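So you can see what is in the structure, the chains are spelled out below.
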Amino acid sequence: MISFAGVREEKLELIRSNFNAKIILRGQNIFIKGEKSEVEKVEKVFKELIFLYKKQGQINENDINLVLDLVDEKDDQNRFKDKYGLNTSDLNHIILYKKNEYIRPRSEGQYEYYRKVKENDIVFAIGPAGTGKTYLAVAFAVAALKNKEVNKIVLTRPAVEAGESLGFLPGDLTEKIDPYLRPLYDALEDMIPFEKLKTYVERNTIEVIPLAYMRGRTLNNAFVILDEAQNSTSLQMKMFLTRLGVNSKAIVTGDITQIDLPNKSNSGLVEIQRILKDIEGISFVYFTRADVVRHKLVRDIIDAYEKLSE
């Protein structure tokens, strides 16, 4: 059992980090406690690992990750195929499976976004609120982490107002910055079970940080997202883009009609469209109000504001 579970249960811990169910080792027995469907899934994982252990005489981290991926993919595809009647083409466009639903492109603009993220290492997603720019970016990152394409996720935003009023807000630095990063946490919490997300954050597998904290770093094997990029300056944009290391991808999202900088012409997102437009491996996606996927009234609100500014 020590060989199977690990000296300090590190192999069991790897399995635990992928499920909400409790996995308890007592003597030579493993107990699983949780929702029926998840207990059955964990049981499948252990049956496969026991088979491998008997065949090889040992199991390692790669064996566990392989079994977790195979069980996940097979269960998710069968479950959603049966429930929604999805065909092979639909399954190919699913970005991420959630507990009772899935995330995939819902509009022409989102399908273009999906294709360009697959084909390029850096993608800029520009458009109005409600088009799914940030939400899908986080989904792409979580899927890449789940599929072992990257080792970590870094989500960042410029805290424009924080630069002026940070000292007047109550609490420590984390509490002061949290309101500016909350939308990114919201997206993560919608895609990753709370306990698993907590583990990822504690281990720095997922970081949600202000843009200023990116300075001086090199991010290898990472999926990096800069949100609300219209509020980054030219120097901040350059700093962010040059953090990218080996085997890393980046998505930059923003709405150039919602710039909060004192001088709107200083927006790094506005400038970067001209600077990087012809570089291979970098792509731009432009969303319109036709891509709005929030409440149906959001599109009408955007239309009303656009008419007001004409």
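Residue positions are given per chain, counted from 1 along the sequence in the order it is written. Where local features are concerned, this predicted model is filtered to residues with pLDDT of at least 70; where side-chain atom pairs are given and counted, the filter is 80 or more; whole-chain, interface and lining totals use all residues. Think of the side-chain values as coming from all heavy atoms in the structure, minus any hydrogens and water.

**So, the overall build of the chain**
And then number 1: When helices and strands are tallied, the chain shows 13 helices and 10 strands.
And then number 2: Two residues qualify as a contact provided that any one of their heavy atoms is within 4.5 Å of a heavy atom in the partner residue. Counted over contacts in the chain with a minimum sequence separation of 6, partners at least 24 positions apart contribute 64%. Here a strand is any run of E in DSSP of at least two residues, a helix any run of H or I of at least four, and the numbering for each starts at the N terminus.

**So, a nonpolar patch on the surface**
And then number 1: Patch members must show over 30% relative accessible area and no salt bridge, and they are joined within 9 Å when carrying like charges or within 5 Å when they are nonpolar side chains of Val, Leu, Ile, Met, Phe, Trp or Tyr. With residues, only the protein chains shown are counted as cover, and all accessible areas are computed by Shrake-Rupley using a 1.4 Å probe. For this analysis, a salt bridge means a side-chain nitrogen from Lys or Arg found within 4 Å of a carboxyl oxygen belonging to Asp or Glu. Taken together, the side chains of Leu-297, Ile-301, Tyr-305 and Leu-308 present a nonpolar region at the surface, about 480 Å² in accessible area.
And then number 2: Positionally, Leu-308 belongs in helix 13 (residues 296-309).

**Observations regarding the nonpolar core**
In a soluble, globular protein the nonpolar side chains are often hidden away together inside.
And then number 1: Take the buried residues of types Ala, Val, Leu, Ile, Met, Phe, Trp, Tyr and Cys, join any two whose side-chain atoms come within 4.5 Å, and each joined set is a nonpolar core. Each residue is assigned to one of three classes by its accessible area relative to the maximum for its type, calculated with a 1.4 Å probe on protein chains only: buried under 20%, partly exposed between the two thresholds, exposed over 50%. Core analysis: the largest hydrophobic core is formed by 37 residues, its most contacted members being Tyr-113, Phe-140, Leu-188, Met-191, Ile-206 and Phe-223.
And then number 2: Mapped by element, the contributors of at least two residues to this core are helix 6 (108-119), strand 5 (122-126), helix 7 (133-146), strand 6 (152-157), helix 9 (173-191), helix 10 (194-202), strand 7 (206-210) and strand 8 (222-226).
And then number 3: Residue contributions to this core peak at 10 residues, all from helix 7.
And then number 4: Aside from chain neighbours lying at most four places away, what touches Phe-140 is Ile-95, Tyr-113, Tyr-114, Val-117, Phe-223 and Ile-251.
And then number 5: With 23 residues, the next largest nonpolar core counts Ile-122, Ala-222, Met-237 and Ile-282 among its residues.

**So, the packing of helix 6 against helix 7**
And then number 1: Helix 7 packs onto helix 6 with a crossing angle of 35° between their chain directions and a minimal axis gap of 11 Å. As for the relative orientation of helix 6 and helix 7, their crossing is right-handed in sense. Contacts from Gln-110, Tyr-113, Tyr-114 and Val-117 in helix 6 reach Lys-133, Leu-136, Ala-137 and Phe-140 in helix 7. For helices, the axis comes from a line fit to the C-alpha atoms of the stretch in contact; other axes are also lines fit to C-alpha atoms, and the angle between any two N-to-C directions lies between 0 and 180 degrees. Crossing chirality is assigned from the near helix's rotation relative to the far helix, an anticlockwise turn below a right angle marking it left-handed and a clockwise turn marking it right-handed.

**Points about the sheet that holds strand 9 (residues 249-254)**
And then number 1: What the 6 strands build is an open sheet, ordered 7-6-8-9-5-10; its pairing is parallel. Because the sheet does not close on itself, it has two edges, and the strands there are strand 7 and strand 10 (282-286). Here the strands of the sheet are splayed against their neighbours by 15° on average, with no regard to which way each runs.
And then number 2: Bridging between strand 5 and strand 9 involves 5 bridges; their strand directions are parallel. Considered in strand 9, the bridge of Phe-124 is made with Val-252.
And then number 3: Along the sheet, helix 7 contacts strand 5, strand 6, strand 7, strand 8 and strand 9; its crossing angle with strand 8, the most-contacted strand, is approximately 170°. For two strands to be treated as a pair, DSSP must find no fewer than two bridges joining them.

**Quick word on the pairing of strand 10**
And then number 1: Among the 5 residues of strand 10, 4 are classified as buried, and the element is accordingly described as predominantly covered.
And then number 2: Pairing geometry for strand 5 and strand 10, over 5 bridges, is parallel. Looking across to strand 10, one finds that Ala-125 is bridged to Val-285.

**Topic: unusual backbone geometry**
And then number 1: Backbone geometry places Asn-221, a non-glycine residue, at a positive phi of 50°.
And then number 2: In this structure, Asn-221 sits in the loop between strand 7 and strand 8.
And then number 3: The backbone of Asn-247 shows a phi angle near 55°, a positive value even though the residue is not glycine.
And then number 4: If you trace the backbone, Asn-247 turns up in the loop between helix 11 (234-241) and strand 9.
And then number 5: Classification of Asn-247 by relative accessible area gives partly exposed; the value is 47%.

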